[in-house]
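Survey of secondary and tertiary structure
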Amino acid sequence: MSVYKEGFYAVELIKKNSRQIWNDACDFGAPMKNGDELWNWTKQLIDWYGVEGTRKQENYSTGTTVKQRVSLMNEWTDGSEVMYEVTYTTVANNKNIDGYVYLVRVK
């Protein structure tokens, strides 16, 4: 498997598992528990493809939000760069999920 193919697989896995997190709020993303498959793919996406200097962390009383840009190369067509902002939000005091992740394409 090519290096970028794994990155695009992680992106598709996050998209496929994304949903509305709470019935009474607009939070949207893919719920995860620390150490599960989605968590591991998200960590790999950020570790392997993260753009240096773009990580931002905000701490709240209810949890933490971390944003990181990742850069992938579309090596099957024209070699163009595809960039996403990955946002991971932790959820405090919830035994069902530890947090959720979502993506926004920025390039």
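Heads up: the structure comes first, above all this text.
Residues numbered from 1 in each chain as written. Predicted model: local features only at pLDDT ≥ 70, side-chain atom pairs only at ≥ 80, totals over all residues. Heavy atoms only, no water.

1. With respect to the sheet that holds strand β2 (residues 28–32)
Ordered by their spatial adjacency, six strands build an open sheet running β1-β2-β6-β5-β4-β3, and the pairing between neighbours is antiparallel. Looking along the sheet, the strands with just one partner apiece sit at the ends: β1 (19–20) and β3 (56–60). Sheet topology places strand β5 (residues 81–90) next to strand β6 (residues 99–105); seven bridges connect them, and they run antiparallel. Pairing of tyrosine 88 across the sheet is with valine 101, part of β6. Together, β2, β4 (63–73), β5 and β6 form the strand contacts of helix α2 (residues 37–49), whose direction differs from that of β4 by roughly 60 degrees. (Pairing = 2+ DSSP bridges. Helix = DSSP H or I, 4+ residues; strand = E, 2+ residues; numbered from the N terminus. Contact = heavy atoms within 4.5 Å. Axes fitted to C-alpha atoms, helices over the stretch in contact; angles between N-to-C directions.)

2. Notes on the packing of aromatic side chains
In total, this model carries three aromatic pairs according to the counting rule given. With a centroid separation of 5.9 Å and an interplanar angle of 35 degrees, the aromatic rings of tyrosine 4 and tyrosine 49 are classed as tilted. Remark: tyrosine 49 occurs in helix α2 and tyrosine 4 occurs in helix α1 (residues 3–17); sequence separation between them is 45 residues. Residues tryptophan 48 and tyrosine 49 carry aromatic rings whose centres are separated by 6.1 Å and whose planes lie at 65 degrees to one another, so their mutual orientation is edge-to-face. Each member of the aromatic cluster is reached from another via a ring pair, and the members are Tyr4, Trp48 and Tyr49. (Phe/Tyr/Trp six-rings, centres within 6.5 Å; stacked < 30°, edge-to-face > 60°.)

Functional significance is not addressed by these values, which are geometric in nature.
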